[in-house]
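A closer look at the structure
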Number of protein chains: 4
Amino acid sequence: MTTLSEQVLALQPQMQRWRRDLHQFAESGWLEFRTATRVAETLHKLGYHLQLGREVINAEARMGLPDADVLKQQEARALQQGALPQWLHYFSGGFCGIVATLETGRPGPVMGFRVDMDALDLNESQAAEHLPQREGFGSCNPGMMHACGHDGHTTIGLGLASVLMAMKSQLSGTIRLIFQPAEEGVRGAKAMVEAGVVDDVDLFTAIHIGTGVPAGELVCGSDSFLATTKLDVRFTGVGAHAGGKPEEGRNALLAAAQATLGLHGLPQHSGGVARVNVGVLQAGTGRNVVADTALMKVETRGVSNQVNDDIYQQALRIIAGAAAMYGVEYEVKLMGAARSCTPTQPWVDFVHQQAEALGIFDSVVDRKAQAAGSEDATYMMERVKQRGGQATYAIFGCELAAGHHNAKFDFDESVMGKAVQTLATLALNQAQFGGGR
Amino acid sequence: MTTLSEQVLALQPQMQRWRRDLHQFAESGWLEFRTATRVAETLHKLGYHLQLGREVINAEARMGLPDADVLKQQEARALQQGALPQWLHYFSGGFCGIVATLETGRPGPVMGFRVDMDALDLNESQAAEHLPQREGFGSCNPGMMHACGHDGHTTIGLGLASVLMAMKSQLSGTIRLIFQPAEEGVRGAKAMVEAGVVDDVDLFTAIHIGTGVPAGELVCGSDSFLATTKLDVRFTGVGAHAGGKPEEGRNALLAAAQATLGLHGLPQHSGGVARVNVGVLQAGTGRNVVADTALMKVETRGVSNQVNDDIYQQALRIIAGAAAMYGVEYEVKLMGAARSCTPTQPWVDFVHQQAEALGIFDSVVDRKAQAAGSEDATYMMERVKQRGGQATYAIFGCELAAGHHNAKFDFDESVMGKAVQTLATLALNQAQFGGGR
Amino acid sequence: MTTLSEQVLALQPQMQRWRRDLHQFAESGWLEFRTATRVAETLHKLGYHLQLGREVINAEARMGLPDADVLKQQEARALQQGALPQWLHYFSGGFCGIVATLETGRPGPVMGFRVDMDALDLNESQAAEHLPQREGFGSCNPGMMHACGHDGHTTIGLGLASVLMAMKSQLSGTIRLIFQPAEEGVRGAKAMVEAGVVDDVDLFTAIHIGTGVPAGELVCGSDSFLATTKLDVRFTGVGAHAGGKPEEGRNALLAAAQATLGLHGLPQHSGGVARVNVGVLQAGTGRNVVADTALMKVETRGVSNQVNDDIYQQALRIIAGAAAMYGVEYEVKLMGAARSCTPTQPWVDFVHQQAEALGIFDSVVDRKAQAAGSEDATYMMERVKQRGGQATYAIFGCELAAGHHNAKFDFDESVMGKAVQTLATLALNQAQFGGGR
Amino acid sequence: MTTLSEQVLALQPQMQRWRRDLHQFAESGWLEFRTATRVAETLHKLGYHLQLGREVINAEARMGLPDADVLKQQEARALQQGALPQWLHYFSGGFCGIVATLETGRPGPVMGFRVDMDALDLNESQAAEHLPQREGFGSCNPGMMHACGHDGHTTIGLGLASVLMAMKSQLSGTIRLIFQPAEEGVRGAKAMVEAGVVDDVDLFTAIHIGTGVPAGELVCGSDSFLATTKLDVRFTGVGAHAGGKPEEGRNALLAAAQATLGLHGLPQHSGGVARVNVGVLQAGTGRNVVADTALMKVETRGVSNQVNDDIYQQALRIIAGAAAMYGVEYEVKLMGAARSCTPTQPWVDFVHQQAEALGIFDSVVDRKAQAAGSEDATYMMERVKQRGGQATYAIFGCELAAGHHNAKFDFDESVMGKAVQTLATLALNQAQFGGGR
C-alpha cells in the first residue's frame, strides 16, 4: 500500500497540468464556465457524488453578478475554449459552483474543504521572464488572470479529491469538497452558504497559498480577515444646461462629492480597525451639463462584524442624506460581503499538531499579524460555528514571483503537494480529534 | 397763511432735537420701547388717532424676536431712560409699532407713509471727531447705535405729522403714518402687514435717506431691493468622547460643514441675481468632544421673489439632507424676510414731477443701479399693489460722515426738512394725481 | 443682369446638395478633414484666393485638440469618405481652417464673414421620422452629427462665395470669407485670431441659424454670449490598498471632491451672471484602492470677461488648494475659451436697415434676451473692435425639428437662402455705411 | 518605631483637610497660584529642597497658556483666597510647578514621583447630595472644579512627602517629588521635561486615581494612553457684504468647513488607532457678511507617536490647503500634546510584587484595556526611558460618585492613603529592585 506522501508525489505532474490548464483559461468571478465543467468532469470520473449549479448556489444571494449579456458571451467563449457541454448547462447563467461528496459508509463527522476557482480582472504580463508566458500557459483571456493563486487552490481541491478517493478505505465519516466561484470581490460564498452547503459540516477547513507567508511556513488558523461590505451607489438627478438653466438641474455629481467626504469621515470606532473607501467615482456626461448621474464604488471594512455593520449603517445614512441634499434619487447595490471570523481553537490545535507531525514545514504557527484583507470563506466558517462545528482558515506559505493581484504574479507549484498532503492527513487522522461536538 | 416751506423751516430746530434724542437713546429692533412712547406722545398731542402695539403688529408674524428675558430687561432699561409709562404697556413684549391716522373729513384716497424706528446692534464710535459725541448725543446704550439713519426717518415721520396737521384744512382723504419697528434684519414689516395696516392704503410711500445717493438728489422709485430670507439653523446631535467612543456621537459640526458647502453651491439661477451666505457658524463645546450642537446664521437673496424662493426651498433641502447624513436633528427658524418689489410707475411719475417742481433738489431720478440690499417695506408695497394701490420707495440723498452700518455713521440733518417738504407736498397735491384706481 | 434674389433662388438646389453632403459626412471639431477639402475645392473653383491650414491656424493657440492618434485615424477615415488628397495635406494634423479672399480691385473696406464647419459628438437619431434619415443623408460617422446647424453655416458661406463672385463687378474693397473649425467647445476661433485672419477686417459679421429665434426673424446684433473658460483638471496622487495601508495613499478622488464643492461655491458676483460647472468627474481604478487619479471637466462663465476671469482665477486657487490638502499633483489644461462681446451699434444699425429693406423678414430686431450660451466668434469680434473695426453677430431665425444638440435636430433649409441674400446685400451696399473708421 | 501603615493611618485626617482645601479653591491649568504656594509651604516646612517656577518650567515649552490678562486676574484672585505672597512671586505669570528633593545622603537611585495640581474648566454641581457641597468644600471658583481628582493627586504627593521625610533614615538615594501644573489639555508636562526635571531620574512613577478601575484594584503599568496633539487653527480672510459685493470677500468660514471635512477623513492608518476631532468651530460675525474669521479647536490622536505624528502632519497639509483654496491666511497654535508610552516591564513587575505584598488591594494587575484618553506624564516617562531609566504609570482604583469630568465627580478619599502607602513602599524597598541600570 502506497503511503500518502508517495501518492502526493506521484500526483505532482498531474497537478501541474491541471493548474496550468486552469491558468491558461483564466475565468473571472461568476464566469468560471470552462473551469467548472473541467472540475466536474474530473470529480465525476473519480467517483464523487456531485451537486452542481443552482443546487449549491442560491440565486438571490449572489452578489456582484455580471450583466446577463456578459454571462452569455462568456459562456459562449468558454464553449469555444473547451468547456464540456454535458456539464455546462448546470452552470449556465452564473451558477459555477460544485460540491463533491464522498460517503465512506463508516460513522464519523462531515469534513468540509473549500477552494475557490475564479481569476482576477487583470491583464497578465506579456513579459518573457514571466514563467507562465515562458512555459506557454499565460492567460488567453484578455482582462482575466489567475493572479491570486485560485488556479492552485482548485488544483489542490482536485489533488485532495484524488488521494482521498484512493485512500477511501482508510477514511470514515463524510468528505465534502466545495469548489466556490467569485471569491474575488467576496461575492460567491454567501450564495453557497444560503444554499446550505456547509449546514451539516462538522470540521471545516478553507485554504489559501502565499499571501506573504514565507515558503515553508503553515499558518493553521488565520484570523486577520476584516469584515467587509462592497456597495455600488448610483445617484440619478436631472440634467440641465449649466450656463442657461442651472437651476433646473439636480446635480448627482455634487451629491456624490458630499457623500464621498461624508463617507471618508466615518472610520473612527472604539471597536477597532474600521475602513471606508470610495475607490471609484464616475459622474456626468458633459462639461456644460449639470451631471444627472454618478456612480460610486464603495467598501466598508471592520475588524469585527459589529464594527463593519456600524460603519455600513452609517454609510447608508450618509448616502441617503447626500441624495436628499440635492433632491436626487439613489440606489445602493450590494456587490460583495465577507465576515470577520475567528477559527475555533481546538481545530486549529489539531491542524497545528498534525502539520507539525508531518515534518514537511519549516514553521507551523497559529496566526499571523497581517495586512487587512477580506475573504468570504468567513461566511462558511461562521455558519459552521453557528451550528456547533469547528472551522479554520489555513495559509500555506510559498515563494511568489510577484505579489498577489500583480500582473506578474506566479507561485512555486510545489506548495500544492504540501497542501494536499496536509489536508488529506487531517481527513485520515480526524478520529484522533477530541474537540468539537 | 404760512407756506409749507416756511413751516418746514420753522420746524427745523425741533426736528434736530427729536433726532438727537432718538439717537442718544438708540434702541435695537423690537426693543424700541422708549422711542415708541415718545413718538406716541408727540402724535397724540398733535391730535392724531393712534393704533398701537398688538393692534398693528401681528404677534405670530414677528420674526427674529429677541428672547423674553432680553425684552423684559430692555423694557426696564427704557423706563429708566425716560420711556413714558402711560404708553409703554401698549408696546410691552415686543410690539413697538404705531399707526397714526388723520381723517380730513373730505373725500379722497388713503395716503400711507412709512418710517422705521430701530437702531443697529453696533457700538457707536467714541472718537472725538464723531459729531454725535462732540455734540453730546452719542448712544448711551452699549451695542446699540443709529448707524443707518432710522433716527432721521422717525423724525421725518414726526415732522410730516406736524406740518400735515397744521395744514389739515388743505388736505383731503386720509393720512396714515406708519412707524415700524425692527427693519434691521427685515423683521418687522411683515407683522404690520399681517395686522392689516396697509390694507386700505391707496397711495403708499416709504423712504430712506443716504444709501450712497448723492446729496441733493432724490430717487423717486428705487427698485433695486433683493428679496431675502433670513434663517437660523440649529443642528442637534449627540456628544461623545472623541478619543474614547467616537462612534457614539452624532456630529452636528460635520452636518453644518456639509450644509455650508452645499448652501454656497446654490446661487446659479437663470432668473438673475441669487445669493446665499452662511455668515455665522458656531459649533461644539470642547476640543475632545464630538460636537452635539451647531448653529448657522444663513440668508438667501434673489433678484425676484421667485428666485429667492427657489434658492430658499433648495436651501431647506440641503439642510435637511445634511442633518440626515449625520443622523442629527435640525430646526430652521425664520429670522427675517423681505420682498423684491417694483414701484408703480404712475406714482413714481407723480413723485418725480412734484419733487422737480419744488426746486429743492439738484437732481431727481426714477431709479438707481445700486448694490444689493434688502428692505422690508417691500412687504407693504406688495400688499398695497396686490389690492390695487400705488406704491413707491423714495431715497433722499445726503452727505454721510461714514457709510451705513459704520460706527462713525452720521448724516447731514438738513435732509430731514427736504424729505418732510417733499412728502407733505405729495399729500397736499394728491388731487392732481391722475393714476391709480 | 440677374438680381441678387434671382441668383439666390437659382442657387437653392446646389445649397441643398452641399448642406446634405456635409451633414452626411459630419466631422467633429479639429477633424473637419473631408469638409475642409470640399470647401477648399469649391472656393478654388470659384476663383477665390485661399489661405489654408497652418497659415490661418496658430498651432499653439489651438485648444481641446484630440489626441494625435485620433487625428490620424480620422484623417484616414476622411480619405475613405472622399476627402480630396490635393487639399488634405494642408489640414493634416488638425489645421482645418480656410480663409478665402476676393480682392475687387476697387478701394473699400475689408469685409469679413465667418462661418463654422464642425459637427457635435453625438449619435444622430435613427428614427424614420427624422428627415435626414428619411432623405438618406443621416450622418454616416458614429458619434458625430451636425446637430447645431454648422452644415448650414458652411453652406451659407459657400452660397455667399458663389453670389459675390458672380456679382464681383458690383463690389468694392475686399471680401474675406472665414471657415472656422472647432467652434463646439469654443476651441477654434482663438487660433485663427492669433494667426491674424481678422487683423485687417473693417466690417465683421458672424452668423448663426436657429437658437430659438422664430422663423422669419433676424437678430442683427446678438450680445448675450457669456465669456467662458473650459478646463480639464487632472489630480495625480498615490494609490494604496485601502484596507491594508490606507495611510500610504494620496487620494486624488478626495481632492477632486473637495475641489468640486469649492468650485460650485464661487459664482456670486456683483458684476452679474457667473457660472461654474464641474460637468464630469472620473476618479479611481478600483473599489479597494486609494484613488490615484481624478479628472474633472470644468467650465467657468461670466456675463463679462472680467467676471469670467475673476471666477476662473478663483477656480485655479480652489484647485491648487484642494491638491495641496491631499498632497497630490495637479494639472490644469485649457480646453476652450470664448469672450463676451458687444456688437458695434453703427454696424448693427446698418444690418438692421439693410435687412428691413430686403422685405424678406417678418421681424428684424437688434438683440434678444437669451439663455446663456457661449460662442468663440467673440474672439474675432473683440480683435476687430480692438483694431477699430465694426463687428456684429447675426442670428437668422428658422423652424427647427428639435432643439440644438438634440439627436433629432434639423432645420428648414430655406433659411440658408435668406442668410446668403442678407449677407450679400451688406457687401453690395457697404458703400452706404457711414459708421466705422 | 511606627510602621508605614500606622503613619499613613495617622496622616489620614490631615490628608482629608489638604484635599478639601484644594478642592474648595480649585484652580484651572497654569492658574494654580494658591495651590502651588500652599504645596510649597508644606514641603518647605517638611524640610524638602525646593525648585520653583521658572527653574522647573521652560517658558517657551508651555502650551495652551491663558492670556496675560487672565493670568494676572487669577493671580489676584488667588491672593485674595489665601495664596502665600512669599511663594507667589515664583509662580507669577504661569509657572506653577514645584520639584521637591530629599537627598538621603546614602547611595542609591533617583526616584521620581509625579502628581498634577490643576482643576477643570467646569462648574461644580450645586446639588445638595453632592458631598463637597454637603460638607462645605465645593469649589468657590466659578468655572473651575476638581472633577478629575488632581486634588487627590496633590494630596497624595504631600502625604508621600510627609511619610518619606518621617522615615528618611530608612531611605537611600534621592527622592524627587514633582508637582505639575496644567495636565488637563496635556499642556504642562512638556515644559517641565524641557526644564530637565526628570533628566536624572532612575525610577519614575506617575499616578492617577479612579478612571474606571474598580475600588480595591491597582493597575501597575497602564499603557493605554494615546499620543495626541491639540491645535487651534485660525483662518483670517476678508469680510464683504454678502449681498452687495460677495466677490470681494475671502471666506474663512468656507475654508474651515472644507478643512473640517478633510480632517475628519484622515484617521485610517494601518499602525492602529488614529483619531481626529474638530471639536469646536466658531466663524463669522454677521449673517450678511462674508466671514472673515474662523477658529477651529482640533485634536489628533494615535496609538503610537508615529501614528499621531503621521495624522498631525497630514492635518497640517489639509489646513494649509484649505486656506489656499480660499486665499485666506491661517495660523496653527499648539495647545497641548502628549505621547504614547509603554511602561518598562521590570519596574512594573516590581510595583506589582510590592503592591501585592502589602495586602491592601483586592486585585493587582499589570494593565487594563481602557478607553482612549491621553496623559502628558508620558513626556516624563519617555524622557526617563530615553536616558535609561525605568518608568511606569500606576492607577489606584476607587469608588467614584460620578465619572471624571462630570459636575458631580467625587472620589472615596480612602484611596489616598493606599496610594501613599504603596508609593512609600516602593521608596523604602527600592534596594530590592534588580532591574534597571
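Reading the values: the criteria
- Residues numbered from 1 in each chain as written.
- Chains lettered and ligands numbered in written order.
- Predicted model: local features only at pLDDT ≥ 70, side-chain atom pairs only at ≥ 80, totals over all residues.
- Heavy atoms only, no water.
- Least-squares fit on C-alpha atoms with pLDDT ≥ 70 in both.
- Contact = heavy atoms within 4.5 Å.
- Pairing = 2+ DSSP bridges.
- Helix = DSSP H or I, 4+ residues; strand = E, 2+ residues; numbered from the N terminus.
- Axes fitted to C-alpha atoms, helices over the stretch in contact; angles between N-to-C directions.
- Phe/Tyr/Trp six-rings, centres within 6.5 Å; stacked < 30°, edge-to-face > 60°.
- Buried < 20%, exposed > 50% of the residue type's maximum accessible area, 1.4 Å probe, protein only.
- pLDDT = per-residue confidence, 0-100.
- Buried area = accessible area lost by both parts, 1.4 Å probe.
- Salt bridge = Lys/Arg side-chain N within 4 Å of Asp/Glu carboxyl O.
- Nonpolar A, V, L, I, M, F, W, Y, C, P; charged D, E, K, R; others polar.
- Polar contact = N/O pair within 3.5 Å; in protein donor to acceptor, adjacent residues only side chain to side chain.
- UniProt positions renumbered as here; feature names shortened; annotations may be inferred.
- Domains from an automatic or database assignment.

Thoughts on the relation of the copies chain C and chain A
Here chain C sits on chain A after a turn of 180° about the axis and a move of 0.1 Å along it, with an RMSD of 0.1 Å. What the rotation and shift describe, once combined, is the action of a two-fold rotation axis. Mapped onto chain A, 100% of the interface residues of chain C again fall at the interface, so both copies present the same surface.

What about the sheet that holds strand S11 (residues 363–365) of chain B?
Residue and element names in this part refer to chain B. Taken in spatial order, the eight strands of this open sheet run S1-S2-S4-S3-S5-S12-S6-S11, and their pairing is mixed. Single-partner strands in this sheet number two, and they are strand S1 (49–52) and S11. Adjacent strand axes in the sheet meet at a mean angle of 20° when their direction is disregarded. Across four bridges, the pairing between strand S3 (residues 110–116) and strand S5 (residues 203–209) is parallel. By the bridge assignment, Gly112 is partnered in S5 with Phe204. Contacts from helix H10 (residues 345–358) reach S3, S5, strand S6 (217–219), S11 and strand S12 (390–396), with the element oriented near 40° to S12. In the packing of helix H12 (residues 414–429) onto the sheet, contacts are made with S3, strand S4 (174–180), S5, S6 and S12, and the angle to S12 comes to roughly 160°.

What about the packing of aromatic side chains?
Tallied over the entire structure, the rule returns 29 aromatic pairs over all chains. Ring plane angle 20° and centroid distance 5.3 Å describe the contact between Trp347 of chain C and Phe350 of chain C, whose orientation is recorded as stacked. On the criterion of helical spacing, the pair formed by Trp347 of chain C and Phe350 of chain C is a turn pair, its members being three residues apart in helix H10 (residues 345–358). The burial state of Trp347 of chain C is the same as that of Phe350 of chain C; both residues are buried. Ring geometry for Phe361 of chain D and Phe396 of chain D: centres 6.1 Å apart, planes at 40°, overall tilted. Taken together, the residues Phe361 of chain D in the loop between helix H10 (345–358) and strand S11 (363–365) and Phe396 of chain D in strand S12 (residues 390–396) connect sequence positions 35 residues apart. Here Phe396 of chain D falls in the buried class, since its relative accessible area comes to 1%.

Things to note about the relation of the copies chain D and chain C
If you rotate chain D by 180° and push it 0.1 Å along the axis, it lands on chain C with an RMSD of 0.1 Å. The fraction of interface residues of chain D whose copies in chain C are also interface residues reaches 95%, indicating that both copies meet through the same surface.

What to know about the confidence of the model for chain A
A residue-level look at chain A finds 99% of positions with pLDDT of 70 or above and a mean pLDDT of 95. With pTM at 0.92, the complex prediction returns an ipTM value of 0.89.

Thoughts on the sheet that holds S12 of chain D
Residues and elements named next belong to chain D. Read from one edge to the other, the open sheet built from eight strands follows the order S1-S2-S4-S3-S5-S12-S6-S11, with strand pairing classed as mixed. The open sheet has two edge strands with one neighbour each: strand S1 (49–52) and S11. This sheet shows a mean twist of 20° between the axes of neighbouring strands, independent of strand direction. Here helix H11 (residues 377–386) sits on the sheet in contact with strand S3 (110–116), strand S4 (174–180), strand S5 (203–209) and S12, set at roughly 150° to S12.

Quick notes on the interface of chain D and chain C
Counting residues at the interface gives 22 residues for chain D, matched by 21 residues for chain C. Here chain D meets chain C over a buried area of about 1,800 Å², counting both sides, of which 52% is carbon and sulfur. For chain D, the biggest contributors to the area lost against chain C are Glu247, Arg317 and Met325 of chain D; these three give 35% of the whole. Counting the contacts that link chain D with chain C gives zero salt bridges. Among the elements that take part in the side of chain D that touches chain C, helix H9 (residues 305–326) of chain D stands out by supplying seven residues, more than any other. Among the residues making up the side of chain D that touches chain C, the classes are represented as nine nonpolar, nine polar and four charged.

Observations regarding the interface of chain C and chain A
Taken together, the contact pairs 40 residues of chain C with 40 residues of chain A. In this assembly, chain C packs against chain A so that about 2,900 Å² is buried in total across both faces, 58% of it on carbon and sulfur atoms. The largest share of the area that chain C buries against chain A comes from Leu261, Leu281 and Arg287 of chain C, three residues that together contribute 25% of it. Where chain C packs against chain A, one counts two salt bridges. Here chain C and chain A share 14 residue pairs in polar contact (both at pLDDT 80 or more) between them. At the level of secondary structure, the elements contributing two or more residues to the side of chain C that touches chain A comprise strand S7 (227–236), helix H8 (252–264), strand S8 (274–283) and strand S9 (293–302) of chain C.

Remarks on the UniProt feature "domain: Peptidase M20 dimerisation" (unreviewed entry) in chain A
When the UniProt feature table is mapped to this numbering, "domain: Peptidase M20 dimerisation" (unreviewed entry) covers residues 232–319 of chain A. Annotation note: span residues 232–319 of chain A, helix share 32%, strand share 28%, distance between end C-alpha atoms 11 Å.

Let's talk about the domain arrangement of chain A
Residues and elements named next belong to chain A. Along its sequence, chain A is carved into domain 1 (4–225 + 341–432) and domain 2 (227–338). Inter-centroid distance (C-alpha atoms) of domain 1 to domain 2 is 34 Å. Counting from both sides, the interface comprises 14 residues of domain 1 and, opposite them, 11 residues of domain 2. With both chains or domains summed, domain 1 and domain 2 bury close to 860 Å², and 53% of this area falls on carbon and sulfur atoms. There are three residue pairs in polar contact (both at pLDDT 80 or more) connecting domain 1 and domain 2. Looking at the side of domain 1 that touches domain 2 residue by residue, the class counts come to five nonpolar, five polar and four charged.

Let's talk about the side chain of Thr174 of chain A
With respect to the element layout, Thr174 of chain A can be found in strand S4 (residues 174–180). Not counting residues up to four positions away in its chain, the partners in contact with Thr174 of chain A are Thr101, Leu102, Glu103, Gly108, Pro109, Val110 and Met111 of chain A.

Notes on unusual backbone geometry
Positive phi values are uncommon outside glycine, yet Val186 of chain B reaches one of about 45°. Here Val186 of chain B shows up in the loop between S4 and helix H7 (189–194). What makes Val186 of chain B buried here is its relative accessible area of 3%. Non-glycine residue Trp30 of chain D carries a positive phi angle of around 70°.

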